Amino acid sequence: MTLGGGQDAGGGNGDDATGGPSVGGGESEPDPCDSDVCSGEYRYDLGPCPPDNPDCGGSAPITLSDIASFRPDTGSARMEPNGWAVTGLPANFVADAGVDDVTGTLLGAPATVRFTPIGYRWAHSDGPTITSSNGGATWASLGLSDFSTTPTSRTFEERGRYTVDVFVEYSAQYRYGGAWVPILGSLEVRSDTHTVIVRSAKTVLVDRDCDSSPGGPGC
């Protein structure tokens, strides 16, 4: 920080009233673009430098490219049934991701970036895509029987082997120890990939027979 009194309050050449050099003067206001605080267009304590300060060169915002080294947790993903499905019956896909604070160095200074999940996407290898603002829920937590339709389920009509790529969309904020500042846009990260074997009901293996599970596949 820049310290010292500079010229005296009288606006003269720095001499006091007796004609000698002035002494003291207390701390000056910190320069918002002091080299210890600023680098280019950013103040590490307060965010972008003020646009009315010509020494700062403007107030360009932090972008998603600037936080490329900060990576959020990818969360977890699952499907019901686990790894297989029956033609003509829904398979349920569920993903879960939470708010994740990641610390690191942003433009040369310690910072924290907060990632908040705002959307989920399940991309099926045969073309269909399921999107949701939340990660869905299991049949049990929804109070539904197995093979019920949910907002994140998909019914396979053809036998075969499929893959389902799960992605989480995040919004981002950053801070240098002060208030959170939002970053424009969002980013998407891969969470998991499911391999799904789809068979017809007469050939699929089940863990319970139709007497104990009348609502099971093929019953």
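As a reminder, the structure under discussion sits directly above these lines.
Residues numbered from 1 in each chain as written. Predicted model: local features only at pLDDT ≥ 70, side-chain atom pairs only at ≥ 80, totals over all residues. Heavy atoms only, no water.

Between Glu 80 and Pro 81 the backbone carries a cis peptide bond, its omega angle lying at -10°. When you line up the elements, Pro 81 lands in the loop between β4 (76–80) and β5 (84–86). Its identity as a non-glycine residue notwithstanding, Leu 107 has a phi of 55°, on the positive side. Inspection of the secondary structure assignment puts Leu 107 in the loop between β7 (100–106) and β8 (109–124). One non-glycine residue, Phe 147, lies in positive phi territory at about 65°. Of note, Phe 147 is situated in the loop between α1 (139–142) and β10 (153–155). Taking the relative accessible area as the measure of exposure, Phe 147 reaches 13% and is therefore buried. (Helix = DSSP H or I, 4+ residues; strand = E, 2+ residues; numbered from the N terminus. Buried < 20%, exposed > 50% of the residue type's maximum accessible area, 1.4 Å probe, protein only.)

As a further point, take the packing of aromatic side chains. The final tally for this structure, using the stated rule, is six aromatic pairs. Plain terms: the ring middles of Trp 84 and Phe 147 are 6.2 Å apart, the flat faces sit at 50° to each other, and that makes the pair tilted. In this pair, Trp 84 is assigned in strand β5 and Phe 147 in the loop between α1 and β10, connecting sequence segments 63 residues apart. Clustering of aromatic rings is evident, with ring pairs tying together Trp 84, Trp 139 and Phe 147. (Phe/Tyr/Trp six-rings, centres within 6.5 Å; stacked < 30°, edge-to-face > 60°.)

In this structure, Ile 67, Phe 93, Leu 106, Phe 115, Trp 122, Phe 156 and Val 196 are the most contacted members of the largest nonpolar core, which totals 33 residues. For this core, the secondary structure elements donating two or more residues are β4, β6 (90–96), β7, β8, β11 (160–175) and β12 (181–199). Of the residues forming this core, the biggest block, seven residues, is contributed by β11. Look past the residues within four positions of Val 196 in its chain and what remains in contact with it is Met 79, Gly 83, Trp 84, Ala 85, Phe 93, Phe 156, Gly 160, Arg 161, Tyr 162 and Val 164. (Core = buried A, V, L, I, M, F, W, Y, C linked by side-chain atoms within 4.5 Å. Contact = heavy atoms within 4.5 Å.)

Under the definition given, this model contains five salt bridges. Its salt-bridge partner being Asp 101, residue Arg 114 comes within 2.7 Å of it at the nearest N-O pair. Taken as a pair, Arg 114 in strand β8 and Asp 101 in strand β7 lie far apart in primary sequence, 13 residues in all. (Salt bridge = Lys/Arg side-chain N within 4 Å of Asp/Glu carboxyl O.)

Looking along a regular strand, one sees the side chains alternate between the two faces of the sheet. Relative to β8, β7 runs antiparallel, the two being bridged by seven bridges. Bridge pairing in β8 links Asp 100 to Phe 115. Hairpin connection, β7 to β8: the antiparallel pair is bridged by two residues, and Leu 107 has positive phi, about 55°. Across twelve bridges, the pairing between β8 and β11 is antiparallel. Pairing of His 124 across the sheet is with Val 164, part of β11. Here β8 pairs with strand β9 (residues 129–132) via four bridges, running antiparallel. Counted as the bridge partner of Arg 121 is Thr 131 from β9. Hairpin geometry of β8 and β9 is characterised by an intervening segment of four residues between the two adjacent antiparallel strands and by a positive phi of about 125° at Gly 127. (Pairing = 2+ DSSP bridges.)

The subject of this paragraph is the sheet that holds β10. On the basis of which strands lie adjacent, the open sheet formed by three strands has the order β4-β6-β10 and antiparallel pairing. The open sheet has two free edges, formed respectively by β4 and β10, since each of these has just one partner strand. Each neighbouring strand pair of the sheet contributes to a mean axis angle of 20°, computed without reference to strand direction. Of the pairings in the sheet, the one linking β4 to β6 comprises five bridges and is antiparallel in character. Note that in β6 the partner of Ser 76 across the bridge is Asp 96. (Axes fitted to C-alpha atoms, helices over the stretch in contact; angles between N-to-C directions.)

Along the chain, the position of Val 196 falls in strand β12. In sequence terms Val 196 and Gly 160 are 36 residues apart; their C-alpha atoms lie 8.3 Å from each other.

As far as function goes, none of this settles anything; it's purely spatial.
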